[in-house]
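# Structure assessment
Here are the chains, one letter per residue:
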Amino acid sequence: MLPVEDDRRALPPSLSEAHEVGFDYRDGAGVDFEPYPDFLDAGETAEWWRAWTGNAELDGSEFRVFGQDGTGGLAAFWLVRHGEPIEQQPVVFLGSEGETGVVAQNLWAYLWLLADGFGPWEATAYPDHEHEPRTETRLTEIAQRWAPSQRRSASEVITAAREEFPGFEELIDSMCR
């Protein structure tokens, strides 16, 4: 029997399950998110990161990209908590027009963000929560199954993430040329 290799591109099962539900754009009133079946590979991430920042010295290895909005802005885990599993890393959005934001403190909070009708772009574009979300029953069931003790509203998820990482936008700006 051949040994099973560790597939570093595989999404955590809870994230895959949530993304399989799909997202309804609703002509701009829904969630603008196109999840990937796997994380982008390191080469694709480096190519995108260098183009996005204009900085050829960087490779974007601190990000594990798992989806995009309709304009090409990317959602990713930001690998800032050294030694912690991917599920404990914050979720960020890096927009095609330079928008940036930490949208959830970890995967469990991200699941509740989705359940409350917000995607990564909406959490970044509507910091004051002007988005009129429509909750999705299946996403709520998934969040309840995977993160029952982490239940929070989208507003609480976004606020907690921004409070924990207040310098994210400045950090990203400092990397851009």
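Remember, predicted model here, so these are calculated numbers, not experimental data.

## Things to note about the pairing of strand β4 (residues 91-94)
- The side-chain alternation of β4 yields two buried faces, one formed by Val91 and Phe93 and the other by Val92 and Leu94.
- Pairing of strand β3 (residues 74-78) with β4, which is carried by 4 bridges, proceeds in the antiparallel orientation. Opposite Ala75, over in β4, you have Phe93 as the bridge partner.
- Bridge count for β4 against strand β5 (residues 100-104) is 4 bridges, and the pairing is antiparallel. Among the inter-strand pairings, Val91 is bridged to a residue of β5, identified as Ala104.
- Here β4 folds back onto β5, and the loop between the two strands holds 5 residues, one of which, Gly98, carries a positive phi near 95 degrees.

## Regarding a negative patch on the surface
- Where like charges cluster on the molecular surface, the negative patch consists of Asp24, Asp27, Glu136 and Glu141.
- Checked against the element boundaries, Glu141 lands in helix α5 (residues 137-146).

## Some remarks on the sheet that holds β5
- One open sheet holds the 5 strands; their spatial order is β1-β2-β3-β4-β5, and the pairing between them is antiparallel. Every other strand in the sheet has two partners, leaving β1 (34-35) and β5 as the edge strands with one partner each.
- Judged from the 5 bridges that link them, strand β2 (residues 63-68) and β3 form a sheet pairing that is antiparallel. Residue pairing for β3: Gln68 is matched across the bridge by Leu74.

## Examining the packing of helix α1 (residues 13-21) against helix α3 (residues 107-115)
- Between α1 and α3, the least distance of the axes is 10 Å, while the angle of their chain directions is 10 degrees. One way to sum up the angle between α1 and α3 is to call them roughly parallel. Across the interface between the two elements, Ser14, Leu15, Ala18 and His19 from α1 touch Leu107, Trp108, Tyr110, Leu111 and Leu114 from α3.
- Classifying every residue of the contact of α1 with α3 by side-chain character gives 7 nonpolar, 2 polar and no charged.

## Considerations on the pattern of salt bridges
- Taken as a whole and assessed by the stated rule, the structure comprises 2 salt bridges.
- Taking the shortest distance from any N to any O, the salt bridge between Glu17 and Arg145 comes out at 1.8 Å. Here the residue Glu17 occupies a position in helix α1, and Arg145 occupies one in helix α5, the gap between them amounting to 128 residues.

## Observations regarding the packing of aromatic side chains
- Evaluation of the coordinates by the stated rule reveals 12 aromatic pairs.
- An aromatic cluster is present here, built from Phe23, Phe33, Phe39, Phe66, Phe77 and Tyr110 joined pairwise through their rings.
- Sitting over the ring of Phe39, Arg64 keeps its end group 4.4 Å from the ring centre.

## Here we look at the nonpolar core
- Ranked by internal contacts, the top residues of the largest apolar core, which has 34 residues, are Phe66, Phe77, Tyr110 and Leu113.
- Put simply, the parts of the chain that give this core at least two residues each are α1, β3, β4, β5, α3, α5 and α6 (154-164).
- Sequence-distant contacts of Tyr110, that is, excluding residues within four places in its chain, are made with Leu15, His19, Phe33, Phe66, Val91, Ala104 and Pro120.
- Counting 18 residues, the second-largest nonpolar core is a separate cluster that includes Ala76, Leu94, Phe168 and Ile172.

Cut-off values and rules
- Residues numbered from 1 in each chain as written.
- Predicted model: local features only at pLDDT ≥ 70, side-chain atom pairs only at ≥ 80, totals over all residues.
- Heavy atoms only, no water.
- Buried < 20%, exposed > 50% of the residue type's maximum accessible area, 1.4 Å probe, protein only.
- Helix = DSSP H or I, 4+ residues; strand = E, 2+ residues; numbered from the N terminus.
- Pairing = 2+ DSSP bridges.
- Patch = residues over 30% accessible without salt bridge, like charges linked within 9 Å, V, L, I, M, F, W, Y side chains within 5 Å.
- Areas by Shrake-Rupley, 256 points an atom, 1.4 Å probe, with all protein chains shown as cover.
- Salt bridge = Lys/Arg side-chain N within 4 Å of Asp/Glu carboxyl O.
- Lys, Arg positive; Asp, Glu negative; His and termini not counted.
- Charge placed at Lys NZ, Arg CZ, Asp CG, Glu CD.
- Axes fitted to C-alpha atoms, helices over the stretch in contact; angles between N-to-C directions.
- Parallel < 35°, antiparallel > 145°, perpendicular 65-115°, else oblique.
- Contact = heavy atoms within 4.5 Å.
- Nonpolar A, V, L, I, M, F, W, Y, C, P; charged D, E, K, R; others polar.
- Phe/Tyr/Trp six-rings, centres within 6.5 Å; stacked < 30°, edge-to-face > 60°.
- Lys NZ or Arg CZ within 6 Å of the ring centre and 35° of its normal.
- Core = buried A, V, L, I, M, F, W, Y, C linked by side-chain atoms within 4.5 Å.

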